[in-house]
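# Observations on chain architecture
For reference, the chains in residue letters:
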Amino acid sequence: MTITIIPAAAGYFGLWRADNDRGYGRSPIVAWCMAVGDAGDLIRSAPVIDGELGPDVVAILCPDGSVNKADGGEWWETITDWAGVRQ
C-alpha cells in the first residue's frame, strides 16, 4: 500500500459535529490523503485539515455550497439541507 498526500483545491471544508452535538464545526481541507493498494486500486481517501487527518469529518462542504457525506454515500444541495437531515 502507498500513501500519497495531494494538495486540495481552495474552497473545500471538512464538517464535524460540535462537542455539544448542537451544531457543527468546519475547517479548510488543505490536502487529501490517498491510500492506494499494490494493484493500483484506491483503498481510501481522507481529507487533511489543519495538518491532521480528519477522522471526525462527517461531511465535505464544496465550493458550490453543496455538501457530500465524507464516505461519498450521500449529498445535499446546501449546508442547511445537510444540517436539517443530520439532526
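Scroll up to find the structure this text is about.
Residues numbered from 1 in each chain as written. Predicted model: local features only at pLDDT ≥ 70, side-chain atom pairs only at ≥ 80, totals over all residues. Heavy atoms only, no water.

## Notes on the pairing of strand 4 (residues 42–49)
As judged from the 7 bridges shared by strand 3 (residues 24–36) and strand 4, these two strands associate in the antiparallel manner. Across the sheet, residue Ala 35 finds its bridge partner in strand 4, namely Arg 44. Between strand 3 and strand 4, which pair antiparallel one after the other, the connecting turn spans 5 residues, and Gly 40 there sits at a positive phi close to 90°. (Pairing = 2+ DSSP bridges. Helix = DSSP H or I, 4+ residues; strand = E, 2+ residues; numbered from the N terminus.)

## Comments concerning the nonpolar core
Grouped together as the largest cluster of nonpolar side chains are 7 residues: Leu 15, Ala 59, Leu 61, Val 67, Trp 76, Trp 82 and Ala 83. Secondary structure elements with two or more residues in this core: strand 6 (59–61) and helix 1 (79–85). Judged by nonpolar contacts, the second largest core, of 6 residues, contains Ala 8, Ile 29, Ile 49 and Ile 60. (Core = buried A, V, L, I, M, F, W, Y, C linked by side-chain atoms within 4.5 Å. Buried < 20%, exposed > 50% of the residue type's maximum accessible area, 1.4 Å probe, protein only.)

## Focus on the pattern of salt bridges
All chains considered together, the criterion is met by 1 salt bridge. Lys 69 is the salt-bridge partner of Glu 74, the closest N and O atoms lying 3.5 Å from each other. Overall, the relative accessible area of 40% leaves Glu 74 in the partly exposed class. (Salt bridge = Lys/Arg side-chain N within 4 Å of Asp/Glu carboxyl O.)

## A word on the packing of aromatic side chains
In the structure shown here, the tally under the stated rule is 1 aromatic pair. The residue whose ring lies beneath Arg 26 is Phe 13, and the NZ or CZ to ring-centre distance is 4.9 Å. (Phe/Tyr/Trp six-rings, centres within 6.5 Å; stacked < 30°, edge-to-face > 60°. Lys NZ or Arg CZ within 6 Å of the ring centre and 35° of its normal.)

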